[in-house]
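# Coordinate analysis (summary)
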Amino acid sequence: MEKVIKRDGRMVEFDKDKIINAIEQAMKQTKKGVDAQISNKIANYVQQLDKDMTVEEIQDIVENKLMNSNRKDVAKEY
């Protein structure tokens, strides 16, 4: 991925760790806790799309991936 278009219009470098951290923070709010394998898998998927995206587009992809996983509980927190 090249750039992320922030809500204020700025373009910043993609940082996979930000996605992982956001997912894992949401996981901490659930009873099942953190599953690093899922957060890494989703972040890798977004990175492999290799295109400029807005923060909202990334959030939609992450939520969709969570809803299609066994961690639907995390999507609600995310």
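These lines cover the structure that appears in this document, whether it is placed above or below. Keep in mind the model is a prediction, meaning the values are calculated, not measured. (Residues numbered from 1 in each chain as written. Predicted model: local features only at pLDDT ≥ 70, side-chain atom pairs only at ≥ 80, totals over all residues. Heavy atoms only, no water.)

## Concerning the pattern of salt bridges
- Applying the stated criterion across every chain, the model contains four salt bridges.
- With a closest N to O distance of 3.1 Å, Arg 71 and Asp 73 form a salt bridge.
- Since its relative accessible area comes to 4%, Arg 71 is described here as buried.
- Asp 73 gets classed as partly exposed once you look at its relative accessible area, which sits at 27%. (Salt bridge = Lys/Arg side-chain N within 4 Å of Asp/Glu carboxyl O. Buried < 20%, exposed > 50% of the residue type's maximum accessible area, 1.4 Å probe, protein only.)

## Section: the packing of helix α2 (residues 36–48) against helix α3 (residues 55–67)
- Between α2 and α3, whose axes approach to 10 Å, the crossing angle comes to 135°. One way to sum up the angle between α2 and α3 is to call them oblique. As for how α2 packs across α3, the hand of that crossing is right-handed. Side by side, α2 and α3 meet where Ile 38, Ile 42, Tyr 45 and Val 46 of the first sit next to Ile 58, Ile 61, Val 62, Lys 65 and Leu 66 of the second.
- Taken together, the residues of the contact of α2 with α3 break down into eight nonpolar, no polar and one charged. (Axes fitted to C-alpha atoms, helices over the stretch in contact; angles between N-to-C directions. Helix = DSSP H or I, 4+ residues; strand = E, 2+ residues; numbered from the N terminus. Parallel < 35°, antiparallel > 145°, perpendicular 65-115°, else oblique. Left-handed = near helix turned anticlockwise from the far one by under 90°. Contact = heavy atoms within 4.5 Å. Nonpolar A, V, L, I, M, F, W, Y, C, P; charged D, E, K, R; others polar.)

## Structural notes on the sheet that holds strand β1 (residues 3–5)
- The three strands are arranged β2-β1-β3 in an open sheet whose pairing can be described as mixed. What marks the edges here is a single partner per strand, and that holds for β2 (11–13) and β3 (53–54).
- Pairing of β1 with β3 involves two bridges; the strand directions are parallel. Opposite Ile 5, over in β3, you have Thr 54 as the bridge partner. (Pairing = 2+ DSSP bridges.)

## As for the environment of Asn 40
- Mapped onto the fold, Asn 40 is located in helix α2.
- With 36 residues separating them along the chain, Asn 40 and Val 4 place their C-alpha atoms 18 Å apart.

## A look at unusual backbone geometry
- Even without being a glycine, Asp 50 presents a positive backbone phi close to 50°.
- Within the secondary structure, Asp 50 sits in the loop between α2 and β3.
- Using a relative accessible area of 48% as the deciding quantity, one classes Asp 50 as partly exposed.

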